Amino acid sequence: GIQVEQSPPDLILQEGANSTLRCNFSDSVNNLQWFHQNPWGQLINLFYIPSGTKQNGRLSATTVATERYSLLYISSSQTTDSGVYFCAVEVNDYKLSFGAGTTVTVRA
Amino acid sequence: DGGITQSPKYLFRKEGQNVTLSCEQNLNHDAMYWYRQDPGQGLRLIYYSQIVNDFQKGDIAEGYSVSREKKESFPLTVTSAQKNPTAFYLCASSRRTAGELFFGEGSRLTVL
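Note that the structure is a prediction, hence the values are computed from the model and not measured.

(A) Highlighting the sheet that holds strand β7 (residues 64–66) of chain B. Residue and element names in this part refer to chain B. Pairing is antiparallel across the open sheet formed by four strands, whose spatial order is β1-β3-β8-β7. In this open sheet, the two edge strands, each paired with only one partner strand, are β1 (4–7) and β7. Adjacent strand axes in the sheet meet at a mean angle of 20° when their direction is disregarded.

(B) Highlighting the state of the cysteines. Tallied over the entire structure, the rule returns two disulfides over all chains. Here C23 of chain A is linked by a disulfide to C87 of chain A, with a sulfur-sulfur distance of 2.0 Å. Every disulfide takes its handedness from the sign of the S-S torsion; for C23 of chain A and C87 of chain A that torsion is -55°, giving left-handed. Placement of the pair is C23 of chain A in strand β3 (residues 19–25) and C87 of chain A in strand β9 (residues 83–90), with a sequence separation of 64 residues. On the accessibility criterion, C23 of chain A (0% relative accessible area) is buried. Since its relative accessible area comes to 0%, C87 of chain A is described here as buried. Sulfur-sulfur distance for the disulfide between C23 of chain B and C91 of chain B comes to 1.9 Å. Handedness of the C23 of chain B-C91 of chain B disulfide follows from its S-S torsion of about -70°: it is left-handed. Of this pair, C23 of chain B sits in strand β3 (residues 19–25) while C91 of chain B sits in strand β9 (residues 87–94), and the two are 68 residues apart along the sequence. C91 of chain B shares its class with C23 of chain B; the two are buried.

What counts and how
Starting afresh in each chain, residues are numbered from 1 along the sequence in its written order. As they are written, the chains are lettered A onward and the ligands numbered 1 onward, keeping that order. In view of the model being predicted, local features appear only for residues whose pLDDT reaches at least 70, and side-chain atom pairs are presented and counted only at 80 or more, with totals across whole chains, interfaces and linings using the full set of residues. Computation of side-chain values: all heavy atoms of the structure, hydrogens and water removed. Here, a strand pair is defined by DSSP locating no fewer than two bridges between the strands. Comment: elements are numbered from the N terminus, with helices defined as DSSP H or I runs of at least four residues and strands as E runs of at least two. Here an axis means a line fitted to C-alpha atoms, over the contact stretch when the element is a helix, while the angle between two N-to-C directions is reported on a 0 to 180 degree scale. When the sulfur atoms of two cysteines come within 2.5 Å, that pair is taken as a disulfide. Categorising residues by exposure relies on relative accessible area from a 1.4 Å probe, with only protein chains included: less than 20% of the type maximum marks a residue as buried, more than 50% marks it as exposed, and the intermediate range marks it as partly exposed.

Remember, this is a structural readout, not a statement about activity or role.
Pasting the structure below:
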């Protein structure tokens, strides 16, 4: 099956800092989504982005499908951005495969 | 409010007992999914359903069963055949299969 690798595994930021999370995948994909899991376990869909660039407030994402990677940018980080960020991809089988996640800790 | 409701949020069971986790959505989504998450790991797909009265096995279906008798409901039974059932279980839905995915708040199962 497809391999999904996220980096870095852990990230510690000072409030106000910017950061970039990366998601590499081993095959062509039909679908790529980014999620944020808060410390209580709730998963929120951030972006549905099989290709191109999207922005939502302080977050933006870019997927370069031909080079098999996606980037999630967090600008002016806040303590509420803490949690685990997951990348998930779908090939042709209607199933999303998740990466292991990047744990982000934002310190005040 | 539209959303996905999972119950119970916390569940404790003795080894060898079957347990059923509830998942209800009022988003009018066709597709529904069950994922399992273990500490420090990503999500793994247990079962998914693209339409009422139809469902498919995911990557780790052994020891689990599901039903999809209504569009709104997709309950998961963790059977005694599941060798390591203690985990965080997440239900999700999407308008179409592999579309934008929305999650419930999860059910944390502990088997004693």
